[in-house]
Amino acid sequence: MLTRLSSHPKLLEYFSKVKDKSLRDLFASDPARGEKFSLQFESIFLDFSKNRIESEGFESLLALANEAGLKQKIKAMFLGTKINLSENRAVLHVALRNAAHESIVLGGVNIDEEISNVLTRMKNFSESLRNGEFTGFTGKKIKNVINIGIGGSDLGPVMAYEALKFYSDRELNIKFISNIDGTDFAETVRGLIPEETLFIVASKTFTTQETMTNAQTAKNWILHSVIPAEAGIQLTDGNTWLPERVGDDDKKNEIVAKHFIALSTNLEEVEKFGIKGENMFPFWDFVGGRYSLCSAIGLLLMIAIGYENFEEMLKGFHSVDAHFETAPLNENLPVIMGLISIWNNNYFNFSTQAIIPYDQYLLRLPAYLQQLIMESNGKSVTENGEPVDFQTSPIIWGEPGTNGQHAFFQLMHQGTKIVPADFIGFKETLNPIGDHHQKLMANYFAQTEALAFGKTAEELKAEGVEEKLIPHKVMPGNRPTNSILIDKLTPYSLGQLIALYEHSVFVQGVIWGIDSFDQWGVELGKILAKKILGEIEGESAEMKHDSSTNQLIKKFLE
Ligand code: F6P
């Protein structure tokens, strides 16, 4: 782990030399640093020169990665070694986009074959839904497709659907329900006709409270609609919402089969819910929830953008997987992104990292990366259970530019906290209207320049700024950023972008020696919520919490 690696004291020593140098100094002393600290991979250009590091520090970071055994760890992941120690699982999301179809055999099973079988089923299903062959129970065309899921079973599909909306079938009404708050369900189905609606219940475990509650409500909504009457089922009680009042189980199952699809690893629970195996698209426990977009969890995305575009996205993921696996560390984009993040976090102690996409289509990218990065690397013990004595995951947050500029950029420019930020932009826009794109990108370039170089009191004075305003107008600069500049937002480049972040998370996890693939921290809250639900619903009599929690529950019940 980080502090036991011999490159760590070297980095500390280098840090003590560089910490007082500003980005202005660094660029002045090395006018070619822009070219030196940047890399092109296919259509992706990464410029990391606006970070406070020089060749000496960069070399030490690479040494740190070597010492942590990064190359061997990458190999182990790609070979299907059980690197998720606390859950005793392999980590093989890379196999989901193994376009070359090199055979990966895990526990005697050729998983490539299984993966491509599921992909073929997804292709057939999405095509039959898009061309109207697959209809609802009453024979009506499915117009609304709603993904019910949360966390990795929601954020990947919703982020990628928003990102690739340009490529989607605009005839389909694509929606997402994630929150257990009934408002999410009510507002999402508002105005929709059940006969024309398909629910995709996405849950790796098929036990997640939010998803199962929403799925059950969706089942009630479908079974309570006009459909049972068309099926000759008598509603015993007029307009009741209770599905158990709907007679004839077989008919109910037929209705469910035409309006519900499951995406899961848990066939038993799927069947218990009433969805038959043939309506389930499986995936596997070697695919973590937050790494599952390329699995069956991507079904709604495939329905929206079509199989060919989905396949393009997989190819984009694969290109970065192959780059990560084979490129030397000093030319390896995800390695560099991971190391720069470590540098800012563990040496400068900058505790957050902003993600600022200059593309409206990427509006859910920050939320997606919050789960990817913070659920993966928000850990306090190593993979062997020893407490760490250094910082792990930064806090990830962000908003698309230019909106963020008019909200929180004030703090980023002049606040007391320094926020390293990733600026993501595209050379070509998908919606060329007037000079919008030129203006958008002018802002993209201007912000990283202002963050890096700021404005001094002397410069302000020379401009004739009133003396008393000078302290308010000084821009300290010296704020680190990465610029990721991509040719165009396509399914392929989106896959590449996501894979860059996935692998950069891996790099950081390896250097910290933590398990980036478990998430035990989410369990306690789930257990307590179950217990409290019993109390709120009056099943368990006594409340044995602390005085604050007891009081809050009592107030709620008053
Ligand atoms: O609570 C966290 C979590 O387990 C995530 O890791 C996961 O993506 C999410 O819940 C949803 O889980 P599932 O897909 O099993 O419903």
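A. Here's a closer look at the overall build of the protein. Each helix and strand in the protein was counted, giving 23 helices and 13 strands. For the protein, the C-alpha radius of gyration of 26 Å lies close to 24 Å, the compact-globule estimate for 558 residues. The C-alpha extent of the protein, read off along each of the three principal axes, is 85 × 60 × 60 Å. Burial status across the protein gives 54% buried among its 558 residues. Summarising the internal contacts of the protein: among those between residues at least 6 apart in sequence, 73% fall at separations of at least 24. Surface exposure of the protein reaches about 24200 Å², of which carbon and sulfur atoms provide 52%.

B. Local environment of the site of the ligand. Ser153, Ser203, Lys204, Thr205 and Thr208 are the nearest of the 14 residues found near the ligand. Gly152 is positioned with one of its backbone polar atoms (N or O) 2.8 Å from an oxygen atom of the ligand. Its residues placed into classes, the shell around the ligand shows 2 nonpolar, 9 polar and 3 charged.

C. Region of the structure containing the packing of helix 15 (residues 333-347) against helix 21 (residues 491-512). Contact geometry for helix 15 and helix 21: axes closest at 8 Å, N-to-C directions at 55°. Relative to helix 21, the element helix 15 is oriented oblique. Here helix 15 runs over helix 21; the crossing is right-handed. Of the residues in helix 21, those touching helix 15 at Leu333, Pro334, Val335, Met337, Gly338, Leu339, Ser341, Ile342, Asn345 and Asn346 are Leu500, Tyr501, His503, Ser504, Val507, Gln508, Ile511 and Trp512. When grouped by side-chain class, the residues that make up the contact of helix 15 with helix 21 number 11 nonpolar, 7 polar and no charged.

D. Inspection of the pairing of strand 5 (residues 144-148) at higher detail. The element strand 5 is extensively covered by neighbouring structure, given that 5 of its 5 residues are classed as buried. Side chains Asn144, Ile146 and Ile148 of strand 5 all project onto a buried face; the interleaved residues Val145 and Asn147 project onto the opposite face, where all are buried too. With 5 bridges connecting them, strand 5 and strand 6 (residues 173-177) associate as parallel partners. If you follow Asn147 over to strand 6, its bridge partner there is Phe176. In this view, the connection linking strand 5 to its parallel neighbour strand 6 by way of helix 7 (residues 155-163) has right-handed handedness. With 5 bridges joining them, strand 5 and strand 7 (residues 197-202) adopt parallel strand pairing. Paired with Asn144 across the strands is Thr197, a residue of strand 7.

E. A look at the confidence of the model for the protein. Taken over all residues, the pLDDT of the protein has a mean of 94, while the share at 70 or more is 95%. Across residues 236-246, where pLDDT falls below 50, the model places 20 contacts with residues more than four positions away in sequence or in other chains.

F. Quick look at the sheet that holds strand 8 (residues 260-264). With respect to topology, 5 strands assemble into an open sheet ordered 6-5-7-8-9, the strand pairing being parallel. Single-partner strands in this sheet number two, and they are strand 6 and strand 9 (280-282). When strand polarity is set aside, the average angle formed by the axes of neighbouring strands in this sheet is 20°. Where strand 8 lies against strand 9, 3 bridges are found, and the strand directions are parallel. Bridging from a neighbouring strand, Leu263 pairs with Phe281 of strand 9. On top of the sheet, helix 6 (residues 111-130) reaches strand 5, strand 7, strand 8 and strand 9; it is set at about 145° to strand 9, its chief contact. Across the sheet, helix 9 (residues 209-223) touches strand 5, strand 6, strand 7 and strand 8, and the angle it forms with strand 7 is around 160°.

Cut-offs used in this document
Along each chain, residues carry numbers from 1 onward, in the same order as the chain's sequence is written. For this predicted model, a pLDDT threshold of at least 70 governs which residues receive local features, and a threshold of 80 or more governs which side-chain atom pairs are given and counted, while totals over whole chains, interfaces and linings are taken from all residues. As a rule here, side-chain values cover all heavy atoms of the structure and leave hydrogens and water aside. Helix and strand assignments come from DSSP, with helices taken as H or I runs of at least 4 residues and strands as E runs of at least 2, each series counted from the N terminus. We take the radius of gyration over the C-alpha atoms and set the globule estimate at 2.2 Å times the residue count to the 0.38 power. Think of it in three bands: with a 1.4 Å probe and only protein chains considered, a residue is buried below 20% of the maximum accessible area for its type, exposed above 50%, and partly exposed in between. Contacts were defined at the residue level, with two residues in contact if any of their heavy atoms lie within 4.5 Å. Under the convention used here, a 1.4 Å probe and the Shrake-Rupley method define accessible areas, while residue burial counts only the protein chains that appear. Near, as used in this document, describes a residue that has one of its heavy atoms within 4 Å of the molecule or strand being considered. For the purposes of these results, a polar contact is taken to be a pair of N or O atoms within 3.5 Å, where, inside protein, one atom must be able to donate a hydrogen and its partner to accept one; residues adjacent in sequence count only when each atom of the pair is a side-chain atom. In this classification, Asp, Glu, Lys and Arg are treated as charged, Ala, Val, Leu, Ile, Met, Phe, Trp, Tyr, Cys and Pro as nonpolar, and every other residue, Gly included, as polar. Fitting a line to C-alpha atoms yields each axis, with helices limited to the stretch in contact; the angle taken between N-to-C directions then spans 0 to 180 degrees. For classification purposes, an angle smaller than 35 degrees is called roughly parallel, one larger than 145 roughly antiparallel, one from 65 to 115 roughly perpendicular, and anything else oblique. Handedness of a crossing follows from how the near helix is turned relative to the far one, being left-handed for an anticlockwise turn of less than a right angle and right-handed for a clockwise one. When DSSP finds at least two bridges between two strands, those strands are taken to pair. When the strands point away from the viewer and the path from the first strand over the helix to the second turns clockwise, the crossover is right-handed. The predictor attaches a confidence to each residue, called pLDDT, with possible values from 0 through 100.

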